[in-house]
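Residue strings, one per chain:
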Amino acid sequence: SAEYAWWTSAVVYQIYPRSFQDSDGDGIGDLRGILRRVDHLAELGVDVVWFSPLYRSPQDDNGYDISDYQDVDPLFGTLADLDEVIAALHDRGIKVVMDLVVNHTSDEHPWFVESRSSRDNPKRDWYWWRDPRDGFAPGTRGSEPTNWGSFFSGPAWEWDEQTGQYYLHLFSRKQPDLNWENPEVREAVYAMMRWWLDRGVDGFRMDVINLISKDVGPEGALSDAPVASGLYGDATAASANGPRLHEFLQEMHREVFAGRRESLLLVGETPGATVEDAQLFTDPARAELDMVFTFEHMGLDTVDGDRFQHRPLDLRDLKATLTRWQAGLAETGWNSLYWDNHDQPRVVSRFGDDGEHRVASATALATVLHLHRGTPYIYQGEELGMTDAGFTSFDQYRDIESLRYVEEKRAIGEFDDEQLLRALAFGSRDNARTPVQWDASAHAGFTTGEPWIQVNPNHDRINAEDARADPASVFHYYRRLIALRHDDPVVQTGAFTLVWPEDTEVYAFHRAQDGIRLTLVANCSSDTVERDAAELRVEGASVVIANHDDPPQAPSGRLRLRPWECVVYRVE
Ligand code: TEU
C-alpha cells in the first residue's frame, strides 16, 4: 500500500492564547495558563497544537500584527515559558505549529519604523510605498494609489504625511504589507523561520500566505480592482494568488524546509484559493505546502460572501463544495478539514442547533467533518460544543474587524443599530473568541481577574469539568473521533463517494479502501427523518461510531434517524 505522510492520521488543535487560560489574573490567557491545561490536550488525544500568534505585538489585531518575530509578547510570558510549553507538549507526543504572519508586520516592527523614516532609507522598499494618484489632493479620499479596500473596512492605503506617500495595508493600518518582491525581505523571513525550527517547533500555519505576491504590472504599478460591493475594490481579487506566489513558496521550501520536511506540518491559510490552486500548493512533487485552508464552505450561509450577512445554509451546497475539494485532492495533494477557528462563528450555532440539540448537532457535525479525507482541525472549545458569544450590545465586542465594520456602516448610514447588532451576532469573529469554559465557577475558571472579553454565561452548563464527567458529552465524543482517525486506515485515506447529493437534511457518504467500506449517515436537521436504507448498502454492517446509544443496527428497510443523529457503519 502507498506510503502516506504522518499527518494523514493526525488531528490538529488550535489554541488562541488570549482566550485559552489565564494564570496571572490580568484577564488575558498566557503560556503558564496553557501549561496548566496540557493534560486536557493529551486526554483529547490530539497530535499537533497550532498556536495563534504569541509574538511581541501591539495587539491591534490580537497578535496578527507582529513587532518582533523572535520574542514572546509579555502579555503571554517569555521565550523561556514558551520553551517549557513546547517541552511539555513534546513530552506528551504532541507537535507544535506556530502561526507565521509574514504578509505584513506591525507598523511598530523595526523594519517598518525604518522604512517609514525617509524615502531613501535602505528598508524603504521592504513595504509598498506609492505616490498619491494625480488630480486629487494628497492624503484625501480618492488620492489613494489604487481603489483597494482593507479587509477591516476603509481604504487599504494609509497616508504618511512625513514622507508624502501612501503605504499598503490589506488589514489594519497597523499591519503594513511586506514587499515580497524584494529579495532581502524574503531572506529575512526565511532566516526567522529557520530560527524557530532550530528552536524545536514542528511547522507553521501560514497566515494569508496566498496574498504575499501582489500583481505588479509594468514599472511596479498596482492597479484598481473590481468593486464588488460597497465603496472599495476587492483586495482579494487584486492580491490573492499573485503571479510569483508559487515561486516564493518553492523558494521558501528550498531555503527553510529542505531536509527537514518529513517531520513538519506546513499549512497555508488561503482565502479565495480554488481547488485548482490547492492542487498546486499541495502536490508533494512541487514542494510548496502540505495542505491549505479553503474558505469556500465558510461563505455558503452568507449573502454574496459578506461574512456579516446571513442566509440559511442549504445542505446541498455544503456537500457540493466539500465533495469538490475531496475529488480535486484525491489523487495528489491533501485537504485540511475545519468548521471553527478564531475567525469564524461557532459551527454548532451556525450550521447546527445550539439550543435543544446542541450535543447531538455538535457531534453530528464533528462526525461529518472528521470522516472526510483530510487532516481535521479542532478550535479550542469546539470539543466542548461551545456556542457563539450571544452578545447583544456594541460594547461587548472587541475585534477590530467588527468595530471598523460598525464604524464604516454608520458613516455611510447603510444600517440601523438593530441591523448592525444582528450582523455582528451572526458574523463577528468575537463569537469564537470568548474564553474557554473550563468549569462552572465565576469567569468559567479562565481567569481570577476581569476577562478581556466576556465569558459566555452558558458556562454554568457548558464546561470542560462537567464534560469530562459525562460520558455522553461532546468532549468524550471528540476523543472517540480522534482515536478513530488514529486507528482506522479507511478514515485516513479511503476513497470518498458522496451519497444523496440532493438531500437537504441527510448527509451521507462512503469511504472505501482495501475491500472495506465505511458509510456515514447524518441527519443534519432538528426533525426526525426517514430514508431508504437499501441505498446505503449497509445490511449486515457493524456500527463504528454513533452519537446516540442505540443507533439503528445494519438497517435494510426504512432508516429512521432522530434529530441530528449520525451513525458510521463498517462493511467488510
Ligand atoms: O485571516 C485572514 C482572512 O482572510 C479572514 O478570515 C479575515 O480574518 C477577515 O475576517 C476576512 O473577513 C488571517 C487571520 O486568521 C486573522 O485573524 C487576521 O486578522 C488576518 O489574517 C490578518 O493577519
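Here the residue numbers are simple positions, counted from 1 along each chain's written sequence. Given that the model is predicted, a residue must reach a pLDDT of at least 70 before its local features are reported, and side-chain atom pairs must reach 80 or more before they are shown or counted; all residues, however, enter totals for whole chains, interfaces and linings.

Novice: Help me out: how do you make sense of the overall build of the protein in this one?
Specialist: Under the scheme used here, helices are H or I runs from DSSP no shorter than 4 residues and strands are E runs no shorter than 2 residues, and both carry numbers assigned from the N terminus. Across its full length, the protein holds 16 helices and 22 strands. Here the protein has a C-alpha radius of gyration of 24 Å; the compact-globule value for 572 residues is 25 Å, and the two agree. Put plainly, a residue is buried at 20 or more neighbouring C-beta atoms within 10 Å of its own, exposed at 12 or fewer, and partly exposed in between, counting only other residues' C-beta atoms, which are placed from the backbone. Counting the 572 residues in the protein, one finds 51% classified as buried. We call two residues in contact when their backbone-placed C-beta atoms lie within 7 Å. Once local pairs closer than 6 in sequence are excluded, the contacts in the protein between residues at least 24 apart make up 66%. With the radius of gyration taken over C-alpha atoms, the globule rule is written as 2.2 Å times the number of residues to the power 0.38.

Novice: How do you make sense of the site of the ligand when you look at a structure like this?
Specialist: Near, for a residue, is defined by distance from a backbone-placed C-beta atom to a molecule or strand, with 6 Å as the limit that must not be exceeded. Taken together, 14 residues lie near the ligand, and D61, Y64, F171, P271 and D343 sit nearest. We call Asp, Glu, Lys and Arg charged. Ala, Val, Leu, Ile, Met, Phe, Trp, Tyr, Cys and Pro are nonpolar, and the rest, Gly among them, are polar. A per-class count over the shell around the ligand returns six nonpolar, one polar and seven charged.

Novice: What's the story with helix α9 (residues 315-328) in this structure? I'm lost.
Specialist: The end-to-end C-alpha separation of α9 is 20 Å, in line with the 20 Å expected for 14 residues at 1.5 Å each. Within α9, burial applies to L315, K319, L322, W325 and Q326. For α9, the angular spread of buried residues about the axis comes to 135°, placing them on one side. Its buried side turned inward, α9 meets α8 (275-282), β16 (495-499) and β17 (506-513). Working rule for helices: expected span equals 1.5 Å times residues minus one. Along the arc lie the directions from the helix axis toward the C-beta atoms.

Novice: Is there a simple way to explain the UniProt feature "domain: Glycosyl hydrolase family 13 catalytic" (unreviewed entry) in the protein in this structure?
Specialist: UniProt positions are given in the numbering used here, feature names are shortened, and annotations may be inferred rather than shown by experiment. In the UniProt entry, the feature "domain: Glycosyl hydrolase family 13 catalytic" (unreviewed entry) is given for residues 14-433. Taken end to end, residues 14-433 has its terminal C-alpha atoms 12 Å apart, with 31% of it in helix and 13% in strand.

Novice: What is the right way to read the domain arrangement of the protein from this model?
Specialist: Often the size quoted for an interface is simply the accessible area lost on bringing the parts together. Domain boundaries assigned for the protein yield domain 1 (6-105 + 183-391 + 431-480), domain 2 (106-177), domain 3 (392-427) and domain 4 (494-571). When each unit is reduced to the centre of its C-alpha atoms, the spacing between domain 1 and domain 2 is 28 Å. Residue-level contacts link 25 residues of domain 1 with 23 residues of domain 2. Residue assignment for the side of domain 1 that touches domain 2 shows that the elements contributing at least two residues are α5 (183-199) and α6 (235-239). The element best represented in the side of domain 1 that touches domain 2 is α6, accounting for three residues. Partitioning the side of domain 1 that touches domain 2 into residue classes produces eleven nonpolar, nine polar and five charged. These domain limits were set by an automatic method or by a database of domain assignments.

Novice: I would appreciate a short explanation of the sheet that holds strand β7 (residues 157-160) in the present structure.
Specialist: Two strands in a sheet stick together by hydrogen bonds in their backbones, pointing the same way (parallel) or opposite ways (antiparallel). A sheet is described by the order of its strands in space; here three strands give the open sequence β6-β8-β7, paired in antiparallel fashion. This sheet does not close on itself; its edge strands, each paired only once, are β6 (129-130) and β7. When DSSP finds two or more bridges between two strands, those strands count as paired. Where β6 lies against strand β8 (residues 165-168), two bridges are found, and the strand directions are antiparallel. Bridged to R130 within β8 is Y166.

Novice: It is not clear to me how unusual backbone geometry should be interpreted in this structure. Could you clarify?
Specialist: Glycine aside, residues mostly have negative phi angles, and peptide bonds mostly take the trans form. One non-glycine residue, Q59, adopts positive backbone phi at about 65°. Relative to the helices and strands, Q59 resides in the loop between β3 (55-56) and β4 (68-72). Residue classification places Q59 among the partly exposed positions, given that 19 C-beta atoms sit within 10 Å. You will see that S153, though not glycine, has its phi angle at about 70°, which is positive.

Novice: Would you mind going over helix α12 (residues 400-412) with me for this structure?
Specialist: Residue pairs three or four apart in sequence face the same way in an α-helix, which turns once every 3.6 residues. The end-to-end C-alpha distance of α12, which contains 13 residues, comes to 18 Å, matching closely the 18 Å that a straight helix rising 1.5 Å per residue would cover. Listed as buried for α12 are I400, E401, S402, Y405 and V406. Close packing links the buried residues of α12 with β13 (306-310) and α13 (417-427). Within two residues after α12, G413 carries a phi angle of roughly 65°, on the positive side.

Novice: Hey, could you run me through the packing of α5 against helix α7 (residues 245-257) in this one?
Specialist: A pair of packed helices is characterised by two quantities: the angle between their axes and the separation of those axes. Fitted lines through C-alpha atoms serve as axes, helices being fitted only where they are in contact, and the angles separating the N-to-C directions of these axes extend from 0 to 180 degrees. The interhelical angle for the contact between α5 and α7, taken along N-to-C directions, is 45°, at an axis separation of 10 Å. Judged on the interaxial angle alone, α7 and α5 are oblique. Taken as a pair, α5 and α7 cross one another with a handedness that is right-handed. From α5, R186, Y190, M193 and R194 reach across to α7, where they touch F248, E251, M252, E255 and V256. Residues that form the contact of α5 with α7 fall into these classes: five nonpolar, no polar and four charged. With respect to orientation, any angle under 35 degrees is reported as roughly parallel, any angle over 145 as roughly antiparallel, any angle of 65 to 115 as roughly perpendicular, and every other angle as oblique. Put simply, a crossing is left-handed when the front helix is turned counterclockwise from the back one by less than a right angle, and right-handed when it is turned clockwise.

Novice: Mind showing me how you'd approach the sheet that holds strand β1 (residues 12-15) here?
Specialist: One open sheet holds the eight strands; their spatial order is β11-β10-β9-β5-β2-β1-β15-β14, and the pairing between them is parallel. Every other strand in the sheet has two partners, leaving β11 (291-293) and β14 (336-337) as the edge strands with one partner each. By the bridge criterion, three bridges tie β1 to strand β15 (residues 375-379) in an arrangement that is parallel. Counterpart to Y13 in the pairing with β15 is I378.

Novice: Sorry if this is basic, but what is going on with the packing of helix α11 (residues 358-370) against helix α15 (residues 474-487) here?
Specialist: Packing of α11 against α15 leaves a shortest axis separation of 10 Å and a crossing angle of 15°. Judged on the interaxial angle alone, α15 and α11 are roughly parallel. Viewed along their axes, α11 and α15 form a crossing whose handedness is right-handed. Of the residues in α15, those touching α11 at V359, A362, T363, A366, T367 and H370 are V474, Y477, Y478, L481 and R485. Considered class by class, the residues forming the contact of α11 with α15 number seven nonpolar, three polar and one charged.

Novice: Could you clarify how one ought to interpret the pairing of β7 in this entry?
Specialist: Of the pairings in the sheet, the one linking β7 to β8 comprises four bridges and is antiparallel in character. For D160, the partnering residue across the bridge sits in β8 and is Q165.

Novice: Just checking my understanding: could you explain the nonpolar core for this structure?
Specialist: Proteins that are soluble and globular tend to have nonpolar side chains buried together. Among the nonpolar cores identified, the biggest contains 142 residues, and V46, V48, V49, V97, L365, L520 and A522 are the most heavily contacted of them. Top element by residues in this core is α11. It accounts for eight residues. Setting aside chain neighbours within four positions, we find V49 in contact with Y13, I15, L41, L89, I94, V96 and V97. Linking buried Ala, Val, Leu, Ile, Met, Phe, Trp, Tyr and Cys residues through C-beta atoms within 7 Å yields a set, and such a set is a nonpolar core. Judged by nonpolar contacts, the second largest core, of nine residues, contains F308, Y397, Y405 and A423.

Novice: How should the environment of W339 be read in this particular structure?
Specialist: Relative to the assigned elements, W339 resides in the loop between β14 and α10 (347-350). Classification of W339 by C-beta neighbours within 10 Å gives buried; the count is 24. Expressed as a C-alpha distance, the spacing of W339 and G27, which sit 312 residues apart in the sequence, is 27 Å. If we skip the residues at most four places from it in the chain, W339 touches V347, L365 and L369.

Novice: Please clarify how the confidence of the model for the protein should be interpreted in this entry.
Specialist: Low-confidence regions, as indicated by low pLDDT, have predicted coordinates that should not be scrutinised in detail. Confidence of the prediction at every residue is given by pLDDT, a number between 0 and 100. On average, residues of the protein score 96 in pLDDT, and 100% of them are at 70 or above. Predicted as a complex, the structure gets a pTM of 0.98 and an ipTM equal to 0.96.

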